[in-house]
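Listed here are the chains, written in short residue letters.
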Amino acid sequence: MVGASPVNVRPSYFAFKYLAQRGYDMIPVNPGHVGQKPAWKALSLRSLLDIGRPSTWSTSSGIPSHIMPAVEEALKMTPLPKVIWMQLGARDDAAAEKAEAAGLKVVMNRCPKIEYGRLSSEISWMGVNSRTLSSKRAPMPTQGMQLSLSRMSVGGGETTASDRAAKNKNDLA
């Protein structure tokens, strides 16, 4: 993964770690963090050419100015990777055209972490099954709304704690 970060709040850290935990042989490549361990056991390399073994696919950081150099470097690898993957927000048509002319498949503006979760149905394990990711809050439960497989709400958004608080408030009045 070109641009893998050792900083645990960066998206490239999460994607790297997630894919490594799913069994992918992840190799971090980031000239700014050579020798550091981003999210797993591998030390960060300076260049794709430093990998020294075949790589099935290469994923590029979302920084547009880094895409063409990463693709040009991938095209110097022996054997060539099969896929060049550009992260969310990353698109470089000239770099894609160059990679495709060399026989590589190109994926642009997609996150391998999200796509893995979506295609494996793992994303639905987290309660996301609408095929649309959203930051909107779920609606407040209403009476009779199914909350989980074996539980129905009985009083809307109330809980036993709020019921007790309301009862105690009424007793004081």
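In the block above lies the structure referred to throughout.
Read on for an overview of the structure.

### Points about the overall build of the chain
Then step 1. What the chain contains, in helices and strands, is 5 helices and 5 strands.
Then step 2. For the chain, the sequential pattern of α-helices and β-strands runs α-β-α-β-α-β-α-β-β-α.
Then step 3. Burial statistics for the chain: of 173 residues in total, 31% are counted as buried.
Then step 4. Accessible surface, the chain: about 11,600 Å² in total, of which carbon and sulfur atoms supply 55%.

### Structural notes on the nonpolar core
Then step 1. Grouped together as the largest cluster of nonpolar side chains are 19 residues, with contacts concentrated most on Leu48 and Met86.
Then step 2. The set of elements that each furnish at least two residues to this core consists of α2 (64-74), β2 (83-86) and α3 (93-101).
Then step 3. Looking at which element gives the most residues to this core, the answer is α2, with 4 residues.
Then step 4. In this structure, Met1, Ala15, Ala20 and Met26 belong to the second largest nonpolar core, which totals 8 residues.

### What about the side chain of Ser12?
Then step 1. With respect to the helices and strands, the residue Ser12 is situated in helix α1 (residues 11-21).
Then step 2. Take Ser12: its relative accessible area is 18%, and that puts it in the buried class.
Then step 3. In terms of polar contacts, Ser12 uses its side chain to reach the backbone carbonyl oxygen of Gly3, at 3.2 Å.
Then step 4. When sequence neighbours within four positions are dropped, the list of residues in contact with Ser12 reads Met1, Gly3, Ala4 and Ser5.

### Some remarks on the packing of aromatic side chains
Then step 1. Inspection of the entire model under this criterion finds 3 aromatic pairs.
Then step 2. Consider the rings of Tyr18 and Tyr116, whose centres lie 5.9 Å apart with planes at 80 degrees: the pair is edge-to-face. Placement of Tyr18 in helix α1 and of Tyr116 in helix α4 (residues 112-119) is noted, with a sequence separation of 98 residues between them.
Then step 3. When its relative accessible area of 10% is taken as the criterion, Tyr18 is described as buried.
Then step 4. For Tyr116, a relative accessible area of 24% corresponds to the partly exposed category.

### Observations concerning unusual backbone geometry
Then step 1. Of note, the bond from Thr78 into Pro79 is cis; its omega dihedral lies within 30 degrees of zero at -10 degrees.
Then step 2. Structurally, Pro79 can be placed in the loop between α2 and β2.
Then step 3. Phi at Asn109 is positive, roughly 60 degrees, even though this residue is not glycine.
Then step 4. Relative to the helices and strands, Asn109 resides in the loop between β3 (105-107) and α4.
Then step 5. Relative accessible area serves as the criterion here: at 35%, Asn109 is assigned to the partly exposed category.

### Notes on α1
Then step 1. Taken as a whole, α1 has its buried residues at Ser12, Tyr13, Ala15, Phe16, Tyr18, Leu19 and Ala20.
Then step 2. Immediately downstream of α1, the backbone of Gly23 shows phi near 100 degrees, a positive value.

### Examining the pairing of β2
Then step 1. With burial as the criterion, each face of β2 is covered, one bearing Val83 and Trp85 and the other bearing Ile84 and Met86.
Then step 2. Strand direction decides the pairing type here: β2 and β3, joined by 3 bridges, are parallel. Note on β3: the bridge partner recorded for Val83 is Lys105.
Then step 3. In the classification by handedness, the crossover that spans β2, the intervening α3 and the parallel β3 is right-handed.

### Some points on the pattern of salt bridges
Then step 1. Here the structure, examined in full by the defined rule, presents 4 salt bridges.
Then step 2. A salt bridge links Glu72 to Lys98; the nearest nitrogen and oxygen atoms lie 3.0 Å apart. On the criterion of sequence distance, the pair formed by Glu72 in helix α2 and Lys98 in helix α3 is long-range, its members being 26 residues apart.
Then step 3. Residues Glu115 and Arg110 are paired through a salt bridge, measuring 4.0 Å at the closest nitrogen-oxygen approach.

Definitions and cut-offs
Residues numbered from 1 in each chain as written. Predicted model: local features only at pLDDT ≥ 70, side-chain atom pairs only at ≥ 80, totals over all residues. Heavy atoms only, no water. Helix = DSSP H or I, 4+ residues; strand = E, 2+ residues; numbered from the N terminus. Buried < 20%, exposed > 50% of the residue type's maximum accessible area, 1.4 Å probe, protein only. Areas by Shrake-Rupley, 256 points an atom, 1.4 Å probe, with all protein chains shown as cover. Core = buried A, V, L, I, M, F, W, Y, C linked by side-chain atoms within 4.5 Å. Polar contact = N/O pair within 3.5 Å; in protein donor to acceptor, adjacent residues only side chain to side chain. Contact = heavy atoms within 4.5 Å. Phe/Tyr/Trp six-rings, centres within 6.5 Å; stacked < 30°, edge-to-face > 60°. Pairing = 2+ DSSP bridges. Right-handed = clockwise from strand over helix to strand, strands pointing away. Salt bridge = Lys/Arg side-chain N within 4 Å of Asp/Glu carboxyl O.

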